[in-house]
Amino acid sequence: MAQMPLVYFSGVSKAFDDNVILKNVELAVPKASFAFLLGATGAGKSTLLKMIAGEIKPTKGKIYIKGQDISKWSKAKRASWRRRIGYVFQEDRLLSYHSVYENVALPLEIQEFSPRKIKDKVLSILEVLGVGSKAYSLPEELSGGEKQRVSLARALVANPEIIIADEPTAQLDPYTSKEIFNLLASLNRTGRITVIMATHEWDLVRNTDLPAFILRDGFLLPWEGKI
Amino acid sequence: MKISTSFKLIGKGAGNLWRHKGSTFAAYISITIALLVLGFFALSWVNILNLTNDLLNKLEVRVFLTKPGTVKKIEELAGIEKWEYINADLALKQITESYQLKGDYLKNVLGGNPLQASYSLLVKDAQLIPDMVKTLKGMPEVDEVIYGGQTVDSLINLQKIIGGFGLLLLFILILAILLVVANTLRLSFAVRRQEIALEKLLGASPLYIVSPFLWEGTLLGLISAVSAIIILLYSYRTFSGWIALSFPYLPLKSLASLRVSMLVIGIVLGVIMGFIGSIWGVRRYWPKE
């Protein structure tokens, strides 16, 4: 019997007023897989990712998380699912008046970990991602790559089941961009964490053998290396 | 919610106050002034009430009888604290003494004792006097009733006016304080919109998101209340000392008798208004699904 996908979209459509963003999307993301989500700016990548997090409801169709229809979940259950997601955004979305440590500690504080556990986990993840020495710096004191590493640390610190990365490399130079991608890919391989990464960096995708989907005119299609 | 998380959120609320020093200070000054006005009025009201009660308690109802002799139903009237029957001889003696006259001078001048027997009544509650007078006047044994009618009515009316005005002022000032707290919190919420969106995305519960704002408003109310109480206590001490020296006959409430109630009522009022004001301020932004 085939393994139940972690995320499954069944005939999902989404429209904002008359503007149809997603049309009859079918998507299955197996546990511990890595998938690219491609598409031009405004194609609906972020909308699709927000739907996985239960932030946006579909106009039509169903979204299943671990086989459960997300539309039937209570607010508390949806919040609980969000705590299992690690987010990495295009812009770092670090809180400017909090230190790196406080930014990374936020998901653990929300999950009410003990202060000692928070300290251990935050310092260790910052160390792993090579920004341990920046723990007490403010985000404005970091380079673009460092900010994105801190952002990644925040996404990983609470041991997520899935990482939703919404164009995490868009504002980075090619070298740092490749570095962040490698980090995500290695987390997927070694940590068995499911990763969905939205990007419009075709070259990055072309150089891997990981599965990719493209959003075009609202339809989600398997990507075969052609723009 | 765990205790450690609650403390963390209290710290966050306090941090918000510090981070937005400008608006916090403006709100703090406004709330403190409003509480000072409220406190000033409450103290005045307490003292005016004390003064009028003191005056009312000293009021006597004098009932003149048509013929000498005690009247049981007057003595048994409801609401009477103390009564004294004054026969004609005693009345004459009282007048002689009060005018510091000698012996039977008055009796000789008047050619006898023309005074009537009467009752002197002390009433438990001054507000009962008008009704009691009506009852007394209806008795055949009663010739005339004399009391400080005008004074009683004026004092009772004064109490009512001050009470009514006090309630109106209380309502206006409470509304003003709530508005100030709510606006401060709205501003704080708007500034932290990005952080709130992130917390929501990371699965924070509505209580986790809103708690720091509730603490922020509550702390603002508490700090303002403590400041207002300190100023009021100090001012009242100085003022009551001055009154005691300049107008010693004025029965002003002592600071010692007011201190605890001022502290408790002030702090409770500040905290409650801060809390309600913050709920009012963030209710529109309460995280929804």
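Look a little higher up for the structure.
Here is what the cut-offs are and how they apply
Residues numbered from 1 in each chain as written. Chains lettered and ligands numbered in written order. Predicted model: local features only at pLDDT ≥ 70, side-chain atom pairs only at ≥ 80, totals over all residues. Heavy atoms only, no water. Helix = DSSP H or I, 4+ residues; strand = E, 2+ residues; numbered from the N terminus. Buried < 20%, exposed > 50% of the residue type's maximum accessible area, 1.4 Å probe, protein only. Contact = heavy atoms within 4.5 Å. Areas by Shrake-Rupley, 256 points an atom, 1.4 Å probe, with all protein chains shown as cover. Phe/Tyr/Trp six-rings, centres within 6.5 Å; stacked < 30°, edge-to-face > 60°. Lys NZ or Arg CZ within 6 Å of the ring centre and 35° of its normal. Core = buried A, V, L, I, M, F, W, Y, C linked by side-chain atoms within 4.5 Å. Pairing = 2+ DSSP bridges. Buried area = accessible area lost by both parts, 1.4 Å probe. Salt bridge = Lys/Arg side-chain N within 4 Å of Asp/Glu carboxyl O. Polar contact = N/O pair within 3.5 Å; in protein donor to acceptor, adjacent residues only side chain to side chain. Nonpolar A, V, L, I, M, F, W, Y, C, P; charged D, E, K, R; others polar. Axes fitted to C-alpha atoms, helices over the stretch in contact; angles between N-to-C directions. Parallel < 35°, antiparallel > 145°, perpendicular 65-115°, else oblique. Left-handed = near helix turned anticlockwise from the far one by under 90°.

Q: Explain the overall build of chain B to me, using residue names and the numbers behind them.
A: What chain B contains, in helices and strands, is 10 helices and four strands. Out of the 289 residues in chain B, the part that is buried amounts to 39%. In chain B, of all internal contacts separated by at least 6 residues, the share reaching a separation of at least 24 is 84%. In the form shown here, chain B has an accessible surface area of approximately 16100 Å², with 66% of it arising from carbon and sulfur atoms.

Q: So what's going on with the packing of aromatic side chains? Which residues, and what values?
A: Under the counting rule described, the total for this entry stands at 15 aromatic pairs over all chains. Pairing F36 of chain A with F181 of chain A gives two aromatic rings, centres 5.6 Å apart and planes at 25°, and the pair type is stacked. Residue F36 of chain A is located in strand β3 (residues 34–38), and its partner F181 of chain A is located in helix α6 (residues 174–191); the two are separated by 145 residues in the primary sequence. Take F36 of chain A and F181 of chain A: they sit in the same class, and that class is buried. With a centroid separation of 6.0 Å and an interplanar angle of 35°, the aromatic rings of W202 of chain A and W223 of chain A are classed as tilted. With W202 of chain A in helix α7 (residues 202–206) and W223 of chain A in the segment after β10 (219–222), this pair connects stretches of sequence that are 21 residues apart. With respect to class, W202 of chain A is no different from W223 of chain A; both count as buried. Counting every residue linked through ring pairs, the aromatic cluster contains F34, F36 and F181 of chain A. Over the ring of F89 of chain A we find R93 of chain A; its NZ or CZ atom is 3.9 Å from the centre of that ring. One residue, K21 of chain B, lies across the ring of W18 of chain B, its end atom 4.5 Å from the ring centre.

Q: Please give an account of the environment of T24 of chain B that cites residues and values.
A: Relative to the helices and strands, T24 of chain B resides in helix α2 (residues 21–57). Leaving out residues up to four positions away in the same chain, T24 of chain B has contacts with L17 and L220 of chain B.

Q: Got a sec to walk through the nonpolar core? Specific residues and values, please.
A: Where a protein is soluble and globular, its nonpolar side chains tend to be buried together. Residues and elements named next belong to chain A. F9, L48, I52 and W81 are the most contacted members of the largest nonpolar core, which has 65 residues in total. In this structure L48 touches F9, L22, V25, L27, L37 and L215, once residues within four positions along its chain are discounted. Residues I118, L172, L187 and V205 belong to the second largest nonpolar core, which totals 43 residues.

Q: Tell me about the pairing of strand β2 (residues 19–29) of chain A, and please be specific about residues and values.
A: Residue and element names in this part refer to chain A. Pairing analysis gives seven bridges linking strand β1 (residues 7–16) to β2, with the strands arranged antiparallel. Opposite F16, over in β2, you have N19 as the bridge partner. Count of turn residues in the β1/β2 antiparallel hairpin: two residues, of which D17 carries a positive phi of about 55°.

Q: Which residues make up the interface of chain A and chain B, and what values do they have?
A: Taken together, the contact between chain A and chain B spans 21 residues of the former and 19 residues of the latter. Both faces considered, chain A and chain B share a buried interface measuring about 2100 Å² in area, 59% of it formed by carbon and sulfur atoms. Seen at the junction of chain A and chain B, the total is one salt bridge. Connecting chain A to chain B are four residue pairs in polar contact (both at pLDDT 80 or more). At the level of secondary structure, the elements contributing two or more residues to the side of chain A that touches chain B comprise α2 (75–82) and α3 (100–110) of chain A. Considering only residue class, the side of chain A that touches chain B consists of 10 nonpolar, two polar and nine charged.

Q: Tell me about the packing of α3 of chain A against helix α5 (residues 144–156) of chain A, and please be specific about residues and values.
A: Residues and elements named next belong to chain A. Relative orientation of the contacting elements α3 and α5 amounts to 30°, with a least axis distance of 7 Å. By the angle between their directions, the pair α3 and α5 is classed as roughly parallel. Relative to α5, α3 is oriented so that their crossing is right-handed. On α5, the residues that touch V100, N103, V104 and P107 of α3 are V150, A153 and R154.

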